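# Chain and residue survey
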Amino acid sequence: MVERLHAGFATLPGLMRVGLMMVLAGGGLGLLYHTLPLAWAAAVDGYLGHDGWSLHAVALPGMAMTLVGIFAGRASLPTDDETERRSASEHDV
């Protein structure tokens, strides 16, 4: 299963991979921060900012990069006209 996930991740556009890694890092650490006991969360506020805002500041650009990667990947896909021309030229051969 891990190999299948890795293979699927490797086929994604580069910008989308970076964005997903940022979302996973920021979101995962943010989830961990918000589940910490209150005393521990207060202790790490000096590193992560009040209420872990720096983790949210990592996850949000990651989401934006993932969306840009999706749209950039769709823009590079062949259109229906190109697909029809290819299939027509293959039938002619």
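Placed above this text is the structure.
Report on the accompanying structure. (Residues numbered from 1 in each chain as written. Predicted model: local features only at pLDDT ≥ 70, side-chain atom pairs only at ≥ 80, totals over all residues. Heavy atoms only, no water.)

A word on the overall build of the protein. Counting its regular elements, the protein contains 5 helices and 0 strands. Reading the protein from its N end, one meets helices and strands in the order α-α-α-α-α. Relative to its 93 residues, the protein shows a buried fraction of 14%. Of the contacts formed within the protein by residues at least 6 apart in sequence, a portion of 58% connects residues at least 24 apart. Total accessible area computed for the protein in this model is approximately 7200 Å², and 69% of it derives from carbon and sulfur atoms. (Helix = DSSP H or I, 4+ residues; strand = E, 2+ residues; numbered from the N terminus. Buried < 20%, exposed > 50% of the residue type's maximum accessible area, 1.4 Å probe, protein only. Contact = heavy atoms within 4.5 Å. Areas by Shrake-Rupley, 256 points an atom, 1.4 Å probe, with all protein chains shown as cover.)

So, on to helix 2 (residues 14-35). The first and last C-alpha atoms of helix 2 sit 32 Å apart over 22 residues, in line with the 32 Å expected at 1.5 Å per residue. Residues of helix 2 that are buried include every one of M16, G19, G26, G30 and Y33, and no others. The buried residues of helix 2 occupy an angular sector of 135° when projected down its axis, which confines them to one face. Projecting away from the buried face of helix 2 at angles above 90 degrees are the exposed residues L24, L31 and T35. (Expected span 1.5 Å × (residues − 1). Arc of directions from axis to C-beta.)

Time to look at a nonpolar patch on the surface. Taken together, the side chains of L67, I70 and F71 make up a nonpolar region of the molecular surface, amounting to roughly 290 Å² of accessible area. Looking at the secondary structure, you find L67 in helix 4 (residues 53-75). Exposure remark for L67: the relative accessible area of 46% places this residue in the partly exposed category. (Patch = residues over 30% accessible without salt bridge, like charges linked within 9 Å, V, L, I, M, F, W, Y side chains within 5 Å. Salt bridge = Lys/Arg side-chain N within 4 Å of Asp/Glu carboxyl O.)

In this section: the environment of L20. Positionally, L20 belongs in helix 2. For L20, a relative accessible area of 27% translates into the label partly exposed. Distance from L20 to G62, taken between C-alpha atoms, is 6.2 Å for residues 42 residues apart in sequence. Leave out the neighbours within four places in its chain, and L20 touches F9, L12 and T66.

Function cannot be read off these values alone, since they describe shape.
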